Amino acid sequence: GAVVSQHPSRVICKSGTSVKIECRSLDFQATTMFWYRQFPKQSLMLMATSNEGSKATYEQGVEKDKFLINHASLTLSTLTVTSAHPEDSSFYICSASSTYETSGGRNYEQYFGPGTRLTVT
Amino acid sequence: QKEVEQDPGPLSVPEGAIVSLNCTYSNSAFQYFMWYRQYSRKGPELLMYTYSSGNKEDGRFTAQVDKSSKYISLFIRDSQPSDSATYLCAMRRGSSASKIIFGSGTRLSIRP
C-alpha cells in the first residue's frame with residue numbers, strides 16, 4: 001500500500017514553454033501533498049505544501065507564479081512550471097501524507113513518488 | 001550552518017562489511033528521525049523511522065538516535081551490492097504534516 005505515482009517520469013521542453021507534472025496517491029487519500037526539487041548530488045528541497053481544496057504554501061524563495069500548484073482532489077496534485085528556463089531543469093519529486101493508527105496512537109508518514117526529470121533546452 | 005549535516009561521501013566498502021552512516025543536526029526541536037534510501041533517478045524510499053532517542057532494528061538495518069549529542073546513525077550489517085544507493089537522513093519536529101528537513105545524502109557503493 002501507500003503508492004504514489006508521478007507522470008511523466010521524464011520530460012524535455014523548450015525554453016519559454018510550460019510543463020505540467022501530476023502526482024497521484026494510488027491507494028490512499030492524501031490531505032496534504034508536498035513538492036520537492038532535487039539538483040544533482042544535492043538533497044531534496046521543499047518547494048511547497050499543498051492541501052486539498054486550498055492554496056499551496058510556498059517555501060521562501062520559491063516563486064508561486066512560476067510554480068503553479070493545484071490540489072483539486074484527495075488523490076491528485078499537479079505542479080505546472082510556467083515559462084520554463086534551463087535553470088529550472090531538475091528532478092521534481094512529490095510526496096503524499098497519510099495518517100494511520102498504531103498501538104501507540106496515530107502516526108503519520110510521507111510517501112514519495114518516483115520523481116520527474118525535467119530538462120529545459 | 002545547515003540544520004542537518006551529512007557527509008556526502010562517496011563511501012565504498014566491500015560486500016559483507018558493516019556500514020555506518022551518520023548525520024548531525026542543530027535544532028533540538030526535532031523529534032522524528034528517518035532514513036531514506038534513494039536509487040539513482042528514483043524517489044526516496046523510507047527505510048527506518050525513529051521517535052526521540054534510542055535504537056531501532058529492522059533486519060540488517062539499525063537506526064540510532066542520540067538527542068543529547070544531536071547525532072543519528074544508520075548501520076547496515078552484511079552489506080550487499082543491492083544496498084548501493086544514496087542514503088538520506090531526515091527529521092521533523094512534530095507528528096503531524098510538518099516539514100521534513102533532509103540531509104544532503106551519502107552515496108554508498110558496495111563492492112562485490
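Nothing here was measured: the structure is a model prediction, and the numbers come from that model.

The rules behind the values
- Residues numbered from 1 in each chain as written.
- Chains lettered and ligands numbered in written order.
- Predicted model: local features only at pLDDT ≥ 70, side-chain atom pairs only at ≥ 80, totals over all residues.
- Heavy atoms only, no water.
- Salt bridge = Lys/Arg side-chain N within 4 Å of Asp/Glu carboxyl O.
- Helix = DSSP H or I, 4+ residues; strand = E, 2+ residues; numbered from the N terminus.
- Buried < 20%, exposed > 50% of the residue type's maximum accessible area, 1.4 Å probe, protein only.
- Contact = heavy atoms within 4.5 Å.
- Buried area = accessible area lost by both parts, 1.4 Å probe.
- Polar contact = N/O pair within 3.5 Å; in protein donor to acceptor, adjacent residues only side chain to side chain.
- Nonpolar A, V, L, I, M, F, W, Y, C, P; charged D, E, K, R; others polar.
- Phe/Tyr/Trp six-rings, centres within 6.5 Å; stacked < 30°, edge-to-face > 60°.

## Concerning the pattern of salt bridges
Residue and element names in this part refer to chain A.
Right, on to step 1. For the structure shown, the criterion picks out six salt bridges over all chains.
Right, on to step 2. Note that K66 is salt-bridged to D88, the shortest N-O span being 2.9 Å. Here the residue K66 occupies a position in the loop between β6 (57-58) and β7 (67-73), and D88 occupies one in the loop between β8 (76-81) and β9 (90-102), the gap between them amounting to 22 residues.
Right, on to step 3. The exposure class assigned to D88 is buried, which follows from its relative accessible area of 5%.

## Digging into the interface of chain B and chain A
Right, on to step 1. Contacts between the two partners involve 20 residues from chain B, matched on the other side by 21 residues from chain A.
Right, on to step 2. Carbon and sulfur atoms make up 55% of the area that chain B and chain A hide from each other, which totals about 1,600 Å².
Right, on to step 3. Seen at the junction of chain B and chain A, the total is one salt bridge.
Right, on to step 4. When the shortest N-O distance is used, the salt bridge between E59 of chain A and K99 of chain B registers 2.6 Å.
Right, on to step 5. At the junction of chain B and chain A, the tally comes to four residue pairs in polar contact (both at pLDDT 80 or more).
Right, on to step 6. Every element with two or more residues in the side of chain B that touches chain A is listed here: β4 (32-38), β5 (45-51) and β9 (85-92) of chain B.
Right, on to step 7. Across the side of chain B that touches chain A, the residue classes break down as eight nonpolar, seven polar and five charged.

## Some remarks on the environment of Y100 of chain A
Right, on to step 1. Within the secondary structure layout, Y100 of chain A lies in strand β9.
Right, on to step 2. The spatial distance from the C-alpha of Y100 of chain A to the C-alpha of N51 of chain A is 18 Å, given a sequence separation of 49 residues.

## As for the packing of aromatic side chains
Residue and element names in this part refer to chain B.
Right, on to step 1. Within this structure, the stated rule accounts for eleven aromatic pairs over all chains.
Right, on to step 2. Consider the rings of Y25 and F33, whose centres lie 5.3 Å apart with planes at 45°: the pair is tilted. Note on accessibility: Y25 and F33 belong to one class, buried.
Right, on to step 3. Here Y32 and Y51 contribute two aromatic rings whose centre-to-centre distance is 4.8 Å and whose plane-to-plane angle is 45°, an arrangement assigned as tilted. Note that Y32 is positioned in strand β4 and Y51 in strand β5, a separation of 19 residues in sequence.

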